[in-house]
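# Tertiary structure, described
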Amino acid sequence: KRQGREMFSRSPLEYEDEIAIIELLKSFDEIDESRLVLIGMSHAGEMILKITSEYNGVAAAVASEPAAHEFLCLNPDSSTFINSETNLRNIESMQMQKAEKVRSRIDIGTAKERIDSIDTPLFIMGRDSDELQGIFKVTYDLLRESKKSVKWKSYQHDVHGFIFPTKGPDGKYCPDDVQLEAIKDMLSFIGKYVG
């Protein structure tokens, strides 16, 4: 059985914990609370949407490959199934590449209601070959249609989570050209709001 509020599949304190951490950080003298930003990918990208729909306490946020199926109230197709051990939906093989397919399967009223309360500037990052690319694009489209401060860019990369470079055998980070471009884009976006 799913726990928490209607948009969750994790524990009840999933994103409330992150809000509490943000508020704690703001209490430190060393931290300029007006310059806090969030960066999250996949489920953490969806958490950014959940957070910003209820909390306007960060300057900006980057949601890379946001798996926002719960936030958008997506009714999955037969590419998902119930895991018999957990009784939760297994979405690891969900096929939602096309925005039109996603839009036809979401509760548009609830999704728009959630998006309407977002005031935080957002950068939604897609990945061209991702099986959930339609979800990423519809998330952006709904934010844009609601006249939110939002940016979209999609990248061609083979790795889900490409915004986080890995270390090579020498222990040094070895980002490729696409990762360097994405990092530069994130820093440029964030810089507009934390100056």
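Residues numbered from 1 in each chain as written. Predicted model: local features only at pLDDT ≥ 70, side-chain atom pairs only at ≥ 80, totals over all residues. Heavy atoms only, no water.

### Details of unusual backbone geometry
The criterion, for reference: Secondary structure elements follow DSSP: runs of H or I of four or more residues count as helices, runs of E of two or more count as strands, with numbering from the N terminus. Exposure classes here rest on a 1.4 Å probe applied to the protein chains alone. A residue is buried below 20% of its type maximum, exposed above 50%, and partly exposed in between.
Of note in this structure, serine 42 is not a glycine but carries a positive phi near 60°. Summarising the element assignment, serine 42 is placed in the loop between strand 1 (37-41) and helix 2 (43-54). One non-glycine residue, lysine 147, adopts positive backbone phi at about 60°. With respect to the helices and strands, lysine 147 occurs in the loop between helix 5 (133-145) and strand 6 (150-155). Judged by its relative accessible area of 76%, lysine 147 falls in the exposed class.

### Section: the pairing of strand 6
Applicable threshold: Strand pairing is assigned whenever DSSP identifies at least 2 bridges connecting the two strands. A clockwise course of the path from the first strand over the helix to the second, judged with the strands pointing away from the viewer, identifies a crossover as right-handed.
Sheet topology places strand 5 (residues 122-127) next to strand 6; six bridges connect them, and they run parallel. Following the sheet pairing, leucine 122 is matched in strand 6 by valine 150. Crossover connection from strand 5 via helix 5 to parallel strand 6: handedness right-handed.

### Details of the pattern of salt bridges
Selection criterion: A pairing counts as a salt bridge when a side-chain nitrogen of Lys or Arg comes within 4 Å of a carboxyl oxygen of Asp or Glu.
Per the counting criterion, the structure on display carries ten salt bridges. Salt-bridge contacts for glutamate 70 lead to lysine 50; the nearest nitrogen and oxygen are separated by 3.4 Å. Of this pair, glutamate 70 sits in the loop between strand 2 (60-64) and strand 3 (81-82) while lysine 50 sits in helix 2, and the two are 20 residues apart along the sequence. Overall, lysine 50 belongs to the buried group, its relative accessible area being 0%.

### Structural notes on the environment of glycine 134
To keep it simple, the criterion reads: In this analysis, two residues are considered to be in contact whenever any of their non-hydrogen atoms come within 4.5 Å of each other.
Tracing the chain through its elements places glycine 134 in helix 5. Take glycine 134: its relative accessible area is 1%, and that puts it in the buried class. Separated by 39 residues in sequence, glycine 134 and glutamine 95 place their C-alpha atoms 9.0 Å apart. Ignoring any residue separated from it by four or fewer positions in sequence, one finds glycine 134 in contact with Met96, Gln97, Lys98, Ala99 and Val102.

### Structural notes on the packing of aromatic side chains
One pair of aromatic rings is described through two measures. These are the centre distance and the angle between the planes. For clarity, the cut-off: Aromatic pairs are defined between Phe, Tyr and Trp rings, using the six-membered ring for Trp, whenever the two ring centres lie within 6.5 Å; interplanar angles under 30 degrees are classed as stacked, those over 60 as edge-to-face, and all others as tilted. Note on criteria: charge over ring means Lys NZ or Arg CZ within 6 Å of the ring centre, with the direction from the centre no more than 35 degrees off the ring normal.
Enumeration over the complete set of coordinates arrives at four aromatic pairs. Here tyrosine 155 and phenylalanine 162 contribute two aromatic rings whose centre-to-centre distance is 5.4 Å and whose plane-to-plane angle is 50°, an arrangement assigned as tilted. Each member of the pair, tyrosine 155 as well as phenylalanine 162, is classed as buried. Within the aromatic cluster, the residues linked to one another by ring pairs are Phe123, Phe189 and Tyr193. For the cation-ring pair, lysine 137 lies above tryptophan 152, with the distance from its terminal atom to the ring centre recorded as 5.9 Å.

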